[in-house]
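For reference, the chains in residue letters:
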Amino acid sequence: MERAVFQKLNQWKNSPRRKPLILRGARQVGKTWVMKEFGRRCFKNMAYVNFDNNSAMKQIFDGDFDIPRLVLALSAQTGVPIRPEETLIVFDELQEVPRALSSLKYFCEEAPQYAVVAAGSQMGVALHNGTNFPVGKVDIMTLYPLSFSEYLLAVENEQLSALLESGDWQTICALKSRYVRRMKEYFYVGGMPEVVQTFITGQDWFSVRAVQKTLLAVYEQDFSKYASPELCARLNLVWNSLPSQLAKENRKFVYGQVKKGSRAKDFALAIQWLSDCGLVHLVHSVSKPGYPLKAYEELDSFKIYMGDIGLLGALGGTDVKTILDDNAFFVEFKGALTEQFVLQELISCAGLNPFYYSSPNSSGEVDFLVQIGEHIVPVEVKASENLQAKSLKAFHQKWQNEFSVRTSLSDFRRDGWLTNIPLYGVHRMAQLLGS
């Protein structure tokens, strides 16, 4: 599968200010494959080390941080001659050996000629357990599940994806039915690489759901592996409440819906744990749509979306007919899947950090607020071709923002202050508003 992250990895490789790279992301999003494929494509050879259950490597890093010694030991362990600029050194499951994480500081300071990339599914959790993070001495990149455009490349062809990136909306609209059909598939399949490959190979919805359920079970096994029994119980409660949380009209996370009578103190650590592992996205409200949005963030009011739309459907038990049937599509689950889709596209493709806004004096709510340059852009998500935008209109009248976006199944159009972007093109929002 072709992943957009390869372009960023190449930029990192050729940067004169390159530091050791940490590739973050949830388990099973393809970090190991990406690192190995990057090594295969862009280096003469690769020294790959997996720290999981690797006592020999743990002993090596229990010593000092003398880089020549470490490089010699890594070469002996992997059987690969390690040469500057020719060899990619890969550390996998880095959280299992905290001193290997600390060594990245010394690779940065004393041996920048070596290209080092590292990953670990539980990296965020490890840091909260007191691991010494090499602040300022590493580059950080995040890998997400396949975006819709990456999914198009995987299951369709290069031309359909390239056309979407071209911005030729007249031609795109002529092929709208193909984009919508693939988007409906994506709502069910999602972007987890193993699931996508299963669908490509067998074109079988039942096999897709079976793999998704296996992944969900793996995540829950990780809860018990890495968390205390008390925290594990709370992780499971929060995790399994997510479909019902998102099925509510306003999607706002309610602690009492996890367990009757519970409060923030009971589940704050569990929510942070899930976020650190990349399994969920927290979208906080803002008190006002001011610049910068982060300055107006309300930490006690948020929505929680999952990391992958396919896994959300699997956890919620969404039936494939509900998604593929034109009459029921986007109606069931109260639009939660649609918002999940838009959120993933804004984060993984557009690189935006979405918030949301709810007026204290009305029932109107803007689904997402994003900051593009110096502009605060409200985004209203519509599941079908609904052209009403009451919340956006009220927001615009109050705040007089320059740009507003409605994303729906309607075609691309500009109408004064309002821009409609098709759901399957929402990842290009920043470019479209600037054009």
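The preceding data block contains the structure.
Explain the sheet that holds strand β1 (residues 21-24) to me, please; I cannot follow it from the model alone.
Pairing between sheet strands relies on hydrogen bonds along the backbone, with the strands arranged either parallel or antiparallel. Strand order in the open sheet formed by five strands is β2-β3-β4-β1-β5, and the pairing between neighbours is parallel. Looking along the sheet, the strands with just one partner apiece sit at the ends: β2 (45-50) and β5 (139-142). Ignoring which end each strand starts from, the neighbouring axes of this sheet average 20 degrees apart. Bridging between β1 and strand β4 (residues 115-119) involves three bridges; their strand directions are parallel. Note on β4: the bridge partner recorded for L21 is V117.

Teacher, can you tell me more about the pattern of salt bridges here?
Taken as a whole, this structure holds 18 salt bridges when the rule is applied. Residues joined by salt bridges that share partners form a network here, namely E2, E37, R40 and R41.

How should I be thinking about the side chain of D367 in this particular structure?
Tracing the chain through its elements places D367 in strand β9 (residues 365-372). The charged side chain of D367 is buried without a salt bridge, its nearest counter-charge being K303 at 4.9 Å. Within the local environment of D367, its side chain forms a polar contact with the backbone nitrogen of V381, the two atoms lying 2.7 Å apart. Not counting the four nearest positions on each side in its chain, D367 is found in contact with K303, E339, F355, Y356, V379, E380 and V381.

How should I be thinking about the environment of Q344 in this particular structure?
Inspection of the secondary structure puts Q344 in helix α18 (residues 336-348). Sequence spacing of Q344 and E93 is 251 residues, and the spatial spacing of their C-alpha atoms is 25 Å. Those residues in contact with Q344 that sit more than four places away from it in its chain are Y186, G307, D308, I309 and C349.

Whenever I open this one, the packing of helix α12 (residues 205-226) against helix α13 (residues 229-247) confuses me. Can you help?
Geometrically, a packed helix pair is captured by the angle between its two axes and the distance between the axes. Put simply, α12 and α13 touch, their axes get as near as 8 Å, and they point 150 degrees apart. Classified by the interaxial angle, the pair formed by α12 and α13 is roughly antiparallel. Where α12 crosses over α13, the handedness of that crossing is right-handed. Along its contact with α12, which presents L216, Y219, E220, F223 and S224, the element α13 presents C232, L235, N236, W239 and N240. The residue inventory of the contact of α12 with α13, partitioned by class, reads six nonpolar, three polar and one charged.

What exactly am I supposed to notice about the packing of aromatic side chains here?
Here the distance between the centres and the angle between the planes together describe a pair of aromatic rings. Following the criterion strictly, the structure yields 27 aromatic pairs and no others. Consider the rings of Y186 and F341, whose centres lie 5.9 Å apart with planes at 75 degrees: the pair is edge-to-face. Taken together, the positions of Y186 in helix α10 (residues 176-189) and F341 in helix α18 put the pair 155 residues apart, joining distant regions of the chain. The exposure class assigned to Y186 is buried, which follows from its relative accessible area of 1%. Classification of F341 by relative accessible area gives buried; the value is 0%. Three or more aromatic residues joined by ring pairs form one cluster here, namely F148, Y151, Y186, F187 and F341. Cation over ring: K13 sits above F43, and NZ or CZ is 5.1 Å from the ring centre. Taking the ring centre of F6 as reference, the NZ or CZ of R41 above it sits at 4.1 Å.

About the cut-offs
Residues numbered from 1 in each chain as written. Predicted model: local features only at pLDDT ≥ 70, side-chain atom pairs only at ≥ 80, totals over all residues. Heavy atoms only, no water. Pairing = 2+ DSSP bridges. Helix = DSSP H or I, 4+ residues; strand = E, 2+ residues; numbered from the N terminus. Axes fitted to C-alpha atoms, helices over the stretch in contact; angles between N-to-C directions. Salt bridge = Lys/Arg side-chain N within 4 Å of Asp/Glu carboxyl O. Buried < 20%, exposed > 50% of the residue type's maximum accessible area, 1.4 Å probe, protein only. Lys, Arg positive; Asp, Glu negative; His and termini not counted. Polar contact = N/O pair within 3.5 Å; in protein donor to acceptor, adjacent residues only side chain to side chain. Contact = heavy atoms within 4.5 Å. Parallel < 35°, antiparallel > 145°, perpendicular 65-115°, else oblique. Left-handed = near helix turned anticlockwise from the far one by under 90°. Nonpolar A, V, L, I, M, F, W, Y, C, P; charged D, E, K, R; others polar. Phe/Tyr/Trp six-rings, centres within 6.5 Å; stacked < 30°, edge-to-face > 60°. Lys NZ or Arg CZ within 6 Å of the ring centre and 35° of its normal.

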